[in-house]
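This is what each chain is made of:
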Amino acid sequence: MSKIHAAITAVNGYVPDYILTNQELETMVDTNDEWITSRTGIKERRILKGEGLGVTDLAVPAVEGLLKKRGIGAEEIDLIIFCTITPDMPFPASANILADKIGAKNAWGYDLVAACSGFIFGLATGAQFIESGKHKKVLVVAGDKMSSIINYEDRVTCIIFGDGCGAALLEPNVDGYGIIDSILKSDGSGKVFLHQKAGGSMRPASHATVDANEHAVFQEGQAVFKFAVTNMADVAAEIMEKNDLTAEDVDWLVPHQANKRIIDATANRMGVGSDKVMINIEKYGNTTNGTIPLLLWEWENKLKKGDNLVLAAFGGGFTWGSIYLKWAY
Ligand code: UT7
């Protein structure tokens, strides 16, 4: 029997309506459009407004649109992997909350915490259930309501992040399409440079933690930048080498959208021209878990069956990794 690969058979995305522009940020913190654009490539990002809304409110429209495109019902989903660092609540898992909201009555699920590398970790993990024959339909959902953990008085972090969510369906493929290889890495010592200080068991929420803004993202930008540039480029080059891929063989680089300069460095290292690099950072900023599925969603119409895609990400944890896949439709 031919080997079973896990293939993406549908993608979809959702971003909220509210657009937070660089111009509006200029009225909030000491920054300017020129600085943000030249240092990051970001022009605007989306924000989920409204009381009581969480990341599953971004996921529901993304997943419902995906199911419609694929022409299947939610009850056909076997497993939901929800990659997020901004779950609706610490427990239960947002995967469970989402399953209930969309009527995925036959699915089990769990949340996966790998920050910006979440979608890559989620795809690689979900693929195991397909390749083993255990499941037929695995939904990998990845997104964040980053605005819920951003201090809008901290100009170093508030200019970068936005809200958004994407989803991909994995199904078995025996014709050689789908996920061919993955390289996944993590290094917990990177914690000092990028983390959320309070709200976990080590430092539960208190008046003091709220007053000190310790529930917001803390990032030492320059240090993270150095690790990101090196590791994201290295892991993308490594997966090419491991699979004997030349730059010509690669049809699309699908990079995490943290900073345009990191994306450019990765493309340069791979020898891939800018016409093959998916970029939408200017519109959405860094949606953390959401960036890569949002790219696939926006580029879906340009993709052809058999295209070689290299996905690459680096993020908090530190976590990083790459996936090589052959587009299946
Ligand atoms: O996705 C998860 C992983 N995260 C990343 O990959 C992010 C990696 N890091 C970065 O993308 C960049 O480090 C940042 C975009 C966060 C910052 O860019 P940078 O070029 O590293 O700037 P910097 O932190 O070295 O700051 C340069 C200067 C400083 O002023 P002085 O000390 O040179 O006078 C900052 O105070 O820019 C100043 N600055 C700002 N100026 C205007 C910092 N933030 C701002 C701002 N507007 N928003």
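Residues numbered from 1 in each chain as written. Predicted model: local features only at pLDDT ≥ 70, side-chain atom pairs only at ≥ 80, totals over all residues. Heavy atoms only, no water.

Trainee: Please give an account of the site of the ligand that cites residues and values.
Mentor: Neighbouring the ligand are 21 residues; Thr31, Arg39, Gln222, Asn259 and Asn286 lie closest to it. A distance of 2.9 Å separates an oxygen atom of the ligand from a polar side-chain atom of Arg155. Within the side chain of Arg261, an N or O atom sits 3.1 Å from an oxygen atom of the ligand. Protein burial of the ligand: of its 960 Å² of free accessible surface, 76% is covered by the chains. Looking at the shell around the ligand, the elements that each hand over two or more residues are helix H2 (33–40), helix H8 (221–242) and helix H9 (260–270). Among the elements that make up the shell around the ligand, the one with the highest residue count is H8 (5 residues). Residue classes in the shell around the ligand are distributed as 9 nonpolar, 8 polar and 4 charged. When residues of the shell around the ligand are assigned to domains, at least three fall in each of domain 1 (5–176) and domain 2 (180–326). (Near = heavy atom within 4 Å. Polar contact = N/O pair within 3.5 Å; in protein donor to acceptor, adjacent residues only side chain to side chain. Areas by Shrake-Rupley, 256 points an atom, 1.4 Å probe, with all protein chains shown as cover. Helix = DSSP H or I, 4+ residues; strand = E, 2+ residues; numbered from the N terminus. Nonpolar A, V, L, I, M, F, W, Y, C, P; charged D, E, K, R; others polar. Domains from an automatic or database assignment.)

Trainee: With reference to specific residues and values, describe the sheet that holds strand E4 (residues 79–83).
Mentor: The mixed open sheet is built from 5 strands, whose spatial order is E1-E7-E6-E4-E5. A single partner strand is all that each edge strand has here, and the edge strands are strand E1 (5–14) and strand E5 (108–112). Within the sheet, the average angular offset between the axes of one strand and its neighbour, ignoring direction, is 20 degrees. The sheet contact formed by E4 and strand E6 (residues 138–145) spans 5 bridges and is parallel. By the bridge assignment for E6, Cys83 is matched with Ala142. With respect to the sheet, helix H4 (residues 94–102) is in contact with E4, E5 and E6, its orientation differing from that of E4 by roughly 125 degrees. (Pairing = 2+ DSSP bridges. Axes fitted to C-alpha atoms, helices over the stretch in contact; angles between N-to-C directions. Contact = heavy atoms within 4.5 Å.)

Trainee: Quick one: what's the story with the sheet that holds strand E8 (residues 178–186), residue by residue and with numbers?
Mentor: Pairing in this open sheet of 4 strands is mixed, and the strands run E8-E13-E12-E11 from one edge to the other. The two strands at the open ends of the sheet, each matched to only one other strand, are E8 and strand E11 (252–255). Going from strand to strand, the sheet's axes swing by 15 degrees on average, the running direction of each strand aside. In this sheet, strand E13 (residues 319–326) lies alongside strand E12 (residues 308–315) in antiparallel orientation, the contact comprising 8 bridges. Bridge pairing in E13 places Asn308 opposite Lys326. Those strands touched by helix H5 (residues 118–131) are E8, E12 and E13, and its axis lies near 130 degrees from that of E8. Against the sheet, helix H11 (residues 291–299) engages E11 and E12, with an angle of about 140 degrees to E11.

Trainee: A description of the packing of aromatic side chains should follow, citing residues and the corresponding values.
Mentor: In the structure shown here, the tally under the stated rule is 8 aromatic pairs. Between Phe193 and Phe318, the aromatic rings sit 6.2 Å apart at their centres with planes inclined by 10 degrees, giving stacked as the arrangement. Here Phe318 lies in the loop between E12 and E13 and Phe193 lies in the loop between E8 and strand E9 (194–196), a separation of 125 residues in the sequence. The buried category is assigned to Phe318, whose relative accessible area is 2%. (Phe/Tyr/Trp six-rings, centres within 6.5 Å; stacked < 30°, edge-to-face > 60°. Buried < 20%, exposed > 50% of the residue type's maximum accessible area, 1.4 Å probe, protein only.)

Trainee: So what about the pairing of E1? Which residues, and what values?
Mentor: Burial analysis of E1 places 9 of its 10 residues in the buried class, the great majority of the element. Inspection of the sheet shows E1 paired to strand E7 (residues 163–173) by 9 bridges, in the antiparallel sense. Bridge assignment links Val11 to a residue of E7, and that residue is Ala168.

Trainee: Which residues make up the environment of Asp154, and what are the values?
Mentor: Looking at where Asp154 falls in the secondary structure, it is placed in the loop between E6 and helix H6 (155–158). Each C-alpha atom, one on Asp154 and one on Gly290, is 22 Å from the other, the two residues being 136 residues apart in sequence. Filtering out sequence-adjacent residues up to four positions away, Asp154 remains in contact with Val29 and Val217. A polar contact of 2.9 Å, which involves the side chain of Asp154, links it to the side chain of Thr157.

Trainee: Explain H11 to me, using residue names and the numbers behind them.
Mentor: The α-helix winds at 3.6 residues per turn, so residues separated by three or four positions along the chain end up facing the same way. Counting buried positions along H11 yields 7 of 9 residues, so the element is predominantly enclosed. Along H11, the positions that sit buried rather than exposed are Thr291, Ile292, Pro293, Leu294, Leu295, Leu296 and Trp299. In the core, the buried residues of H11 are packed alongside E1, H5, E6, E7, E11 and E12.

Trainee: Would you mind going over the domain arrangement of the protein in detail, with residue names and values included?
Mentor: Segmenting the protein into domains produces domain 1 (5–176) and domain 2 (180–326). Taking only C-alpha atoms into account, the centre of domain 1 sits 14 Å from that of domain 2. Contact with domain 1, which involves 48 residues of that partner, is made by 44 residues of domain 2. Together, the buried faces of domain 1 and domain 2 total about 3,600 Å²; carbon and sulfur atoms form 63% of this surface. (Buried area = accessible area lost by both parts, 1.4 Å probe.)

Trainee: Please set out the nonpolar core residue by residue, giving values where relevant.
Mentor: Core analysis: the largest hydrophobic core is formed by 41 residues, its most contacted members being Val217, Met270, Val277 and Phe314. Mapped onto this core, the elements with two or more residues apiece are H8, H9, E12 and E13. Once you skip the residues sitting within four places of it in the chain, Phe314 turns out to touch Cys116, Ser117, Val224, Phe227, Ala228, Asn231, Met232, His256, Thr319 and Trp320. Counting residues in hydrophobic clusters, the runner-up holds 37 residues, among them Ala6, Val140, Leu295 and Ala313. (Core = buried A, V, L, I, M, F, W, Y, C linked by side-chain atoms within 4.5 Å.)

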